[in-house]
Amino acid sequence: MNIAMVGTGYVGLVTGVCFAELGLHVTCADKDEKRIAMLAKGEVPLYEPQLGEMLRRNLQQGRIHFTTDTASAVKESLVVFIAVGTPSKEDGSADLGYVEEVARTVARNLDGYKVIVTKSTVPVGTGRKIQQIIREEIGNGSQGVFDVASNPEFLREGSAVEDFLRPNRVVIGADSPQAIAILLDLYRPIYLIETPFVVTTIEAAELIKYAANSFLATKITFMNEMANLCDSIGVDVHVVAKAMGLDQRIGPKFLHPGPGFGGSCFPKDTLALTQIAKERGCRARLVETVVEVNEQQKLRMVEKIVGALGVPANPGSLEGITVGVLGLAFKPNTDDVREAPSLVIIRELQRRGARVQAYDPAAMEQAQRVLPDVDCLADAYNVAEGADVVVLMTEWNQFRNLDLEKIKGLMRRPILVDLRNVYTPERVRALGFDYYGVGR
């Protein structure tokens, strides 16, 4: 079966490569000529474990191709996935301009029955809008020429390949039995490992993605609020989280406090869900609060750092202070700094006069584009050199077992602010550090 993947961003590329790995013939289309040229040579323009090796293997075996000719990709495929960006507008709603553009391109190149599938995260009602656009483009006689479906992605950056090949579930939203049968056939190798499939309406599938991400964001935010309360009471949030997680109704995942959530999904999807709810006259007040509290959490971490340094909390108070930052990506195993807490925290520290030096195993290039005044250094020990405080921002594995005695010897003042609670407070303090965690 031939499929087209329109859009070679994070979702489109991972999905296209993984479908090729399952034995399908995949054509990935994108307007970005430089990106397509890189991918055609087997070069991956983003950091994702296993993806580069898998891409090169499927290129060599002829199961995946890259092109800037979207029209040809559509004509040669039975299934066309739309995996283009849906950036947030100023009001938080999703911008569907790219999705609508692809829908018109598909309509102009329909040369037989096709299934058009939204892989992008899109608001409820987008599938119907795509149907309408295509019908308007091709005029009368559209019945039976195409079907539209929704197949949301649930890929975690840093483990996306594993998430695709061994998912918790696959969601398919469609009206047509023919479209459902074709999509089930695409995923047949995954079905054989007894992956649960949820087959539902287009609207339900569209909402499931937003609901799932917003709930996970809510769990994170709740634990951040509990951690802040633990700080004020003198209780260890890890004990609270462990006891909560042992309740099977709650579960242990996403109960880890930190500087707030970031990335390409949670911030955008929570905002979009609040807009979807407002447009339908039923405000998602809990999710609105999650968005607000998450932004406050980032600034609260700034106050934690300033408090650890023992300086006033006002502009200019950090003049002459050097802050070392370990980790810039919003999470480990990715180079993605979109909406990363590090961006807000570092900018505020700089606004107050601090000099910031940082290291991230994968995200240095991405970070330098948006944080040009940060000194990006070669490793964690360079970051510690001459620093008044070291802030552990992202819990990369290589930061979990640092030579703390060496770190202390390199620093101007032995202050460690651990925003991911990687280290045991008693151990670090025994080495002579002033240690500050989140809720510890």
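What counts and how
- Residues numbered from 1 in each chain as written.
- Predicted model: local features only at pLDDT ≥ 70, side-chain atom pairs only at ≥ 80, totals over all residues.
- Heavy atoms only, no water.
- 1 Å grid on protein atoms, 1.4 Å probe; cavity = no way out; pocket = protein on both sides within 12 Å on 5 of 7 lines; lining within 4 Å.
- Points joined across faces, edges and corners; volume = space filled by probe spheres on them.
- Helix = DSSP H or I, 4+ residues; strand = E, 2+ residues; numbered from the N terminus.
- Nonpolar A, V, L, I, M, F, W, Y, C, P; charged D, E, K, R; others polar.
- Axes fitted to C-alpha atoms, helices over the stretch in contact; angles between N-to-C directions.
- Parallel < 35°, antiparallel > 145°, perpendicular 65-115°, else oblique.
- Left-handed = near helix turned anticlockwise from the far one by under 90°.
- Contact = heavy atoms within 4.5 Å.
- Phe/Tyr/Trp six-rings, centres within 6.5 Å; stacked < 30°, edge-to-face > 60°.
- Buried < 20%, exposed > 50% of the residue type's maximum accessible area, 1.4 Å probe, protein only.
- Pairing = 2+ DSSP bridges.
- Right-handed = clockwise from strand over helix to strand, strands pointing away.

### Here's the deal with empty space enclosed by the protein
All chains considered together, the criterion is met by 2 cavities of 30 Å³ or more. Counted as a void, the largest cavity has a volume near 60 Å³. Forming the walls of the largest cavity are Leu326, Val390, Leu392, Leu402, Leu404, Ile407, Met411, Leu416, Tyr423 and Phe433. Secondary-structure elements contributing two or more residues to the lining of the largest cavity are β12 (389-392) and α17 (404-410). Taken as a whole, the second largest cavity spans an internal volume of roughly 50 Å³. Taken together, Thr118, Ser120, Thr121, Val122, Ser150, Pro152, Ala205, Glu206 and Lys209 form the lining of the second largest cavity. For the lining of the second largest cavity, the leading source of residues is helix α10 (residues 202-233), giving 3 residues. Here the lining of the second largest cavity is built from residues that sort into 3 nonpolar, 4 polar and 2 charged.

### Notes on the packing of α10 against helix α11 (residues 237-245)
Here α10 crosses α11 at 140°, and the two axes come no closer than 9 Å. Here α10 is positioned oblique relative to α11, judged by the angle of their axes. The crossing of α10 and α11 is right-handed. When α10 is examined against α11, the residues Phe222, Met223, Met226, Ala227 and Cys230 are found in contact with a partner set consisting of Val237, Val240, Ala241 and Met244. Taken together, the residues of the contact of α10 with α11 break down into 9 nonpolar, no polar and no charged.

### Remarks on the packing of aromatic side chains
Counting across every chain of the model gives 9 aromatic pairs. Taking 5.1 Å as the distance between ring centres and 85° as the angle between the ring planes, the aromatic pair formed by Phe19 and Phe164 counts as edge-to-face. Here Phe19 is found in helix α1 (residues 10-21), whereas its partner Phe164 is found in helix α7 (residues 160-165), with 145 residues between them in sequence. Both residues of the pair, Phe19 and Phe164, count as buried.

### Regarding the sheet that holds strand β9 (residues 322-326)
Taken in spatial order, the 6 strands of this open sheet run β11-β10-β9-β12-β13-β14, and their pairing is parallel. Whereas interior strands pair on both sides, the edge strands pair on one side only; in this sheet they are β11 (375-376) and β14 (434-436). Across the sheet, helix α13 (residues 285-309) lies against β12, β13 (415-418) and β14, angled at about 165° from β13, the strand it touches most.

### Side note on the pairing of strand β5 (residues 114-118)
The two faces of the sheet receive side chains in turn, since in a regular strand these alternate between them. Among the 5 residues that make up β5, 5 are buried, leaving the element largely enclosed by the rest of the structure. Every second residue of β5 is oriented toward a common face, with Lys114, Ile116 and Thr118 on one face and Val115 and Val117 on the other, all of them buried. Examined bridge by bridge, strand β4 (residues 79-82) and β5 share 4 bridges and lie parallel to one another. Bridged to Ile82 within β5 is Thr118. Note that the unit made of β4, helix α5 (residues 97-108) and β5 has a crossover that is right-handed. Alignment of β5 against strand β6 (residues 146-150), held across 5 bridges, turns out to be parallel. Its bridge partner being in β6, Thr118 is matched across the sheet by Ser150.

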